[in-house]
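A look at the structure
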Amino acid sequence: MSDPLVLGIESSCDETGVGVVRGHELLANEVASSVEEHVRFGGVVPEIASRAHLEAITPALTRAVDAAGIDLADVDAIAVTAGPGLMGALVVGVSAAKALAYALDKPLYGVNHLIGHIGVDMLDHGPLPGPAMALLVSGGHTSIVRVGDIATDVEEIGATIDDAAGEAYDKVARLLGLGYPGGPLIDKLAADGDPSAIRFPRGLTAKHDRQKHRFDFSFSGLKTAVARWVEIQRRDHGEVPLADVAASFQEAVADVVTAKTIDACQEYGIDCVVLGGGVAANSRLRELLAQRCEEAGITLRRPRPVLCTDNGAMIATVGAALVAAGVRPSGLDMSADSGMPLNQICL
Ligand code: KG4
Ligand code: ZN
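To start, this report covers the structure provided alongside it.

The rules behind these values
Residues numbered from 1 in each chain as written. Chains lettered and ligands numbered in written order. Predicted model: local features only at pLDDT ≥ 70, side-chain atom pairs only at ≥ 80, totals over all residues. Heavy atoms only, no water. Pairing = 2+ DSSP bridges. Helix = DSSP H or I, 4+ residues; strand = E, 2+ residues; numbered from the N terminus. Axes fitted to C-alpha atoms, helices over the stretch in contact; angles between N-to-C directions. Expected span 1.5 Å × (residues − 1). Bend = angle between axes of the 7 residues up to and from the residue. Buried < 20%, exposed > 50% of the residue type's maximum accessible area, 1.4 Å probe, protein only. Contact = heavy atoms within 4.5 Å. Donors = N, O, S within 2.8 Å, 3.2 Å for Na, K, Ca; no water. Core = buried A, V, L, I, M, F, W, Y, C linked by side-chain atoms within 4.5 Å.

1. Digging into the sheet that holds strand β1 (residues 5-10)
- Read across the open sheet, the 5 strands follow the order β3-β2-β1-β4-β5; overall the sheet is mixed. This sheet does not close on itself; its edge strands, each paired only once, are β3 (25-33) and β5 (108-112). Between one strand and the next, the sheet's axes are offset by a mean angle of 20°, whatever the strand orientation.
- Across 6 bridges, the pairing between β1 and strand β2 (residues 15-22) is antiparallel. Residue pairing across strands places Leu7 opposite Val20, the latter belonging to β2.

2. A closer look at helix α2 (residues 46-68)
- Here α2 spans 30 Å end to end across 23 residues, near enough to the 33 Å set by a 1.5 Å rise per residue.
- The largest bend along α2 measures about 40° and falls at Ala56, with the proline Pro59 one to four residues further on.
- Burial in α2 covers these residues: Ile48, Ala49, Ser50, Ala52, His53, Ala56, Ile57, Ala60, Leu61, Ala64, Val65 and Ala68.
- Contacts made by the buried residues of α2 are with β1, β2, β3, α1 (35-38) and α3 (87-104).
- Looking one or two residues beyond α2, the residue adopting positive phi is Gly69, at roughly 65°.

3. A closer look at the coordination of the zinc ion (ligand 2)
- Surrounding the zinc ion (ligand 2) are the protein donor atoms His113 (NE2), His117 (NE2) and Asp310 (OD), which sit 2.0 to 2.1 Å from the metal.
- Positions of the donor residues of the zinc ion (ligand 2) along the chain correspond to the pattern H-x3-H-x192-D. Of this pair, His113 and His117 are both found in helix α4 (residues 113-119), 4 residues apart, which corresponds to roughly one turn of the helix. Exposure class is identical for His113 and His117. Each is buried.

4. Overview of the nonpolar core
- Formed by 43 residues in total, the largest nonpolar core has its most connected members in Leu135, Val137, Phe219 and Phe249.
- Of all the secondary structure elements, the ones that give two or more residues to this core are β6 (132-137), α6 (165-175), α7 (182-190), α9 (220-237), α10 (242-268), β9 (272-276) and α11 (283-296).
- For this core, the leading source of residues is α10, giving 11 residues.
- The residues contacting Leu135, other than those within four sequence positions of it, are Ser143, Ile144, Phe217, Val257, Thr261, Val274, Leu275, Gly276, Leu285 and Leu289.
- Counting residues in each nonpolar core, the second largest holds 34 residues, with Val21, Val154, Ala320 and Leu322 among its members.

This is the structure we're talking about:
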């Protein structure tokens with residue numbers, strides 16, 4: 001089927017998203033966030049997120065259907081995030097999707113959230129060329145993924161061995177006293193800082209690490225280095241140049257993830273990079289990746305920032321690709337899988 005009409009539901013973390021797409025065309029993308037309710041805890045509280053999803057899901061669904069101007073009876077399939085994510089949060093979206101699929105008698109696809117972050121770019125730039133190299137940078141994952149076909153063939157070729165990039169942003173923001181979520185706050189603060197002020201470490205780039213972990217990442221050493229630097233600065237000078245720390249930290253992250261992505265493209269003979277995940281909204285990462293791709297003769301595909309953070313349209317997009325490829329639906333007896341592996345596109 002070409003250009004299937006698909007409704008997608010996302011509820012893996014703190015955003016309740018319902019999106020509608022027709023093939024690669026975005027028709028609606030409604031997102032309700034519970035982030036404000038988590039701020040005072042400095043991170044997402046699963047119980048609060050689950051309750052917020054329950055309250056937000058029906059209004060978000062109504063708004064998405066209205067905004068898309070569709071009749072629910074006309075959708076070709078329902079897609080929902082099956083994992084990875086917080087179990088109690090995932091089941092809210094999965095239950096809603098099952099109810100819809102059952103009531104409307106439509107096929108149901110349990111989609112991998114991470115593949116959604118990669119596939120969402122198709123809403124901005126059309127079908128992905130096969131193969132493409134995806135750089136996936138989110139709050140829970142940081143990976144390099146070879147994408148042969150978004151519906152049938154993905155392979156993780158590198159991943160973080162400790163913290164994810166977004167996690168590092170959030171932890172560094174906390175130790176700088178900036179608040180939560182840290183990514184956007186560091187991004188903003190870094191604009192007034194000098195990225196070369198402090199040379200923070202680039203994880204897994206030393207020669208001996210490159211043998212075993214050429215396409216892998218590590219951010220826990222970077223986080224510790226920032227903590228130590230700030231502590232010494234406070235002790236010796238009383239004051240910390242926050243903007244310089246933010247800019248230098250951001251530079252270290254952007255430098256290492258972009259260098260490894262270009263290296264992976266060259267190793268695998270791939271000339272297209274697609275950026276995805278919440279951290280893909282980061283201004284310096286977007287800029288440096290564009291610069292390095294251009295130097296290497298690689299085409300870069302960057303979805304607009306609003307599509308980078310969690311949303312339902314990204315799930316609907318993968319759902320549409322699955323329908324178009326004739327992939328078997330997951331069925332009404334599917335269960336959420338909080339640890340769904342990246343190589344599994346759909347349940
Ligand atoms: O993909 P996402 O929305 O949720 C997960 O699937 O994890 O990513 C959330 C992460 C958070 O860690 C947040 O701090 C980070 O994305 N983030 C950013 C920016 N916007 C969001 N990190 C750096 N710069 C940004 N502008
Ligand atoms: Zn995400």
